[in-house]
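The lines below spell out each chain.
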Amino acid sequence: MPELRLASAMTRPVPPAASAPAATVPLDLERMRRAGAGDPAAQAWLMTQVMSRVRRIARAFLRSSADADDAAQLALLAILESASTYRGEAAVEAWARRVAVRTVLRYVKQQRRDGVPVAPESAIDEEVAQAPHQPPFESLPREARAYLDALPEAQRDVIILHHALDYSIDEIAGMTDVSPDTVKSRLRLGIGALRKQVRQDIAVGRKRTA
């Protein structure tokens, strides 16, 4: 049954957070220092490292391609402006993802306050399809976005971050400024709500075909 496959996929092991290889840290520190100081070559290198992932993050949260582009640009600017704060405690890409997620989530919250639709249209389904441990949303009665739209914001965000963008519990905690236990709680509640929605849809479908 779809809800059982969803349940098993949602309980996958959490991958460890990425760390920076020791040999690359001095070079990356120097590049980031130069990027933070405005060096064009270092900034171009940094954008090459992070641009595609930043765009994926923005597309996963925003319905409009124009809004996703705006959020991605804000995130890239935030990464450039924060480059000098990089200390080599994680890989550059992992550090930049944290900055990007925080920036995009702030943008999304502002859009929601302004009443702009931000629930993903098809991007979330594409992201889930690309994720290495995706829940089998394609087998559900409705599209993934229909279920996610019905969740509270905090639960929806952590599910997208964890199951579509494949971040670990600890990474999400760092990005969203909450404890790992809070992330786990939001995932548990969100997944429980998703299961309930699926069961209801299956029951309605059976009644319709009875």
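Quick notes on the rules
Residues numbered from 1 in each chain as written. Predicted model: local features only at pLDDT ≥ 70, side-chain atom pairs only at ≥ 80, totals over all residues. Heavy atoms only, no water. Axes fitted to C-alpha atoms, helices over the stretch in contact; angles between N-to-C directions. Helix = DSSP H or I, 4+ residues; strand = E, 2+ residues; numbered from the N terminus. Parallel < 35°, antiparallel > 145°, perpendicular 65-115°, else oblique. Left-handed = near helix turned anticlockwise from the far one by under 90°. Contact = heavy atoms within 4.5 Å. Expected span 1.5 Å × (residues − 1). Buried < 20%, exposed > 50% of the residue type's maximum accessible area, 1.4 Å probe, protein only. Salt bridge = Lys/Arg side-chain N within 4 Å of Asp/Glu carboxyl O. Nonpolar A, V, L, I, M, F, W, Y, C, P; charged D, E, K, R; others polar. Phe/Tyr/Trp six-rings, centres within 6.5 Å; stacked < 30°, edge-to-face > 60°.

Draft legend 1. Representation of the packing of helix α2 (residues 25-36) against helix α3 (residues 40-61) within the structure. With their axes 7 Å apart at the nearest point, α2 and α3 run at an angle of 115° to one another. On the basis of the axis angle, α2 is roughly perpendicular to α3. Read as a crossing pair, α2 and α3 show a hand that is left-handed. Here α2 contributes Asp28, Arg31, Met32, Arg34 and Ala35 to the contact with α3, which in turn contributes Ala42, Gln43, Trp45 and Leu46.

Draft legend 2. Just helix α8 (residues 153-164), in detail. Helix length check: α8 (12 residues) gives 15 Å between terminal C-alpha atoms against 16 Å at 1.5 Å per residue, within 8%. For α8, a buried count of 10 out of 12 residues is recorded, marking the element as mostly surrounded by other parts of the structure. Within α8, burial applies to Gln155, Arg156, Asp157, Val158, Ile159, Ile160, Leu161, His162, His163 and Ala164. One or two residues past the end of α8 sits Asp166, with phi positive at roughly 65°.

Draft legend 3. Spatial organisation of the pattern of salt bridges. Per the counting criterion, the structure on display carries seven salt bridges. Among the charged side chains, a network of salt bridges with common partners joins Glu30, Arg33, Arg34 and Asp39.

Draft legend 4. The arrangement of the packing of helix α5 (residues 92-113) against α8 in detail. Two numbers describe how α5 lies on α8: the axes approach to 13 Å, and their chain directions differ by 145°. Here the hand of the crossing between α5 and α8 comes out right-handed. Across from Val101, Leu105, Lys109 and Arg112 in α5, the residues of α8 making contact are Glu153, Arg156, Asp157 and Leu161. Within the contact of α5 with α8, the residues separate by chemical class into three nonpolar, no polar and five charged.

Draft legend 5. Representation of the packing of aromatic side chains. Taken as a whole, this structure holds one aromatic pair when the rule is applied. Note on Tyr86 and Trp95: the rings are 5.8 Å apart at their centroids and 75° apart in plane angle, and the pair reads as edge-to-face.

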